[in-house]
Amino acid sequence: MEPTIFDLILNKEIPADIVFENDDVLGFKDVNPQAPIHVLFIPKVRIATHNDLDASNIDYMSKIHLAINEYAAQIGEAANGYRIVMNCNENGQQTVFHIHMHFLAGRKMEWPPG
Ligand code: DGP
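Let us look at the structure shown here.

Around the ligand lies a shell of 15 residues, among which Asp30, Asn87, Gln93, Thr95 and His102 are the nearest. Within the contact set of the ligand, a nitrogen atom lies 3.3 Å away from a backbone nitrogen or oxygen of Val31. With respect to the ligand, the backbone of Gln93 contributes an N or O atom lying 2.8 Å from an oxygen atom. Here the ligand has 500 Å² of accessible area as a free molecule, and 81% of this is covered by the chains. Mapped by element, the contributors of at least two residues to the shell around the ligand are helix 1 (5-10) and strand 2 (25-29). In the shell around the ligand, the residues fall into 7 nonpolar, 6 polar and 2 charged.

This is the structure in structure tokens:
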């Protein structure tokens, strides 16, 4: 698998505005924010797409969800609410092939999405 820009962020080889980190998950601000708060949560191992989740790595999804809960509470947005989105491949508009959960908060989201 080709390394992605997120590997460089994980290895601290390029800067990112990191807002959350634990042993398994990194959270950093999206460079092109779509909401007042837009953070990407990534596993510290490379899983290219949602299709690549399996029994051996699915625990990372739990860890990402728990990281998001912790972060949402920490910044005071848990009760207000937020949207979490994971894009997959071409139709999902995935552009970086290291799974990431978009955390969007700070405004009311449109529904249905475009
Ligand atoms: P997706 O389309 O779901 O693959 O979203 C990829 C997101 O990654 C997109 O919203 C922009 C963000 N992104 C791409 N390159 C960088 C970068 O170098 N730094 C940061 N902070 N975000 C990036």
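Next, the rest of the story.
This brings us to the environment of Lys108. As for its placement among the helices and strands, Lys108 is situated in the segment after strand 5 (101-105). Residues Lys108 and Arg83, 25 residues apart in the sequence, show an inter-C-alpha distance of 9.2 Å.

This part takes up the packing of aromatic side chains. Per the stated rule, a full pass over the model turns up 6 aromatic pairs. Among the aromatic residues, those joined into a cluster by ring pairs are Phe20, Phe41, Tyr71, Tyr82 and Phe103.

It is worth spelling out the environment of Phe103 at this point. Position of Phe103 among the secondary structure elements: in strand 5. Looking at Phe103, the relative accessible area reads 0%, which means it is buried. Spatially, the C-alpha atom of Phe103 lies 9.9 Å from that of Gln34, the residues being 69 residues apart in sequence. Those residues in contact with Phe103, other than ones at most four positions away along the chain, are Ile37, His38, Val39, Phe41, Ile68, Tyr71, Ala72, Ile75, Tyr82, Arg83 and Ile84.

Among the 5 residues of strand 5, 5 are classified as buried, and the element is accordingly described as predominantly covered. By the alternation rule, side chains of strand 5 split into Met101, Phe103 and Ala105 and His102 and Leu104, which are all buried. Where strand 3 (residues 37-43) meets strand 5, 5 bridges bridge the pair, whose relative direction is antiparallel. In the sheet register, His38 faces strand 5, and the bridge partner there is Leu104. As paired strands, strand 4 (residues 83-85) and strand 5 are joined by 3 bridges and run antiparallel to one another. If you follow Arg83 over to strand 5, its bridge partner there is Leu104.

What counts and what doesn't
- Residues numbered from 1 in each chain as written.
- Predicted model: local features only at pLDDT ≥ 70, side-chain atom pairs only at ≥ 80, totals over all residues.
- Heavy atoms only, no water.
- Near = heavy atom within 4 Å.
- Polar contact = N/O pair within 3.5 Å; in protein donor to acceptor, adjacent residues only side chain to side chain.
- Areas by Shrake-Rupley, 256 points an atom, 1.4 Å probe, with all protein chains shown as cover.
- Helix = DSSP H or I, 4+ residues; strand = E, 2+ residues; numbered from the N terminus.
- Nonpolar A, V, L, I, M, F, W, Y, C, P; charged D, E, K, R; others polar.
- Phe/Tyr/Trp six-rings, centres within 6.5 Å; stacked < 30°, edge-to-face > 60°.
- Buried < 20%, exposed > 50% of the residue type's maximum accessible area, 1.4 Å probe, protein only.
- Contact = heavy atoms within 4.5 Å.
- Pairing = 2+ DSSP bridges.

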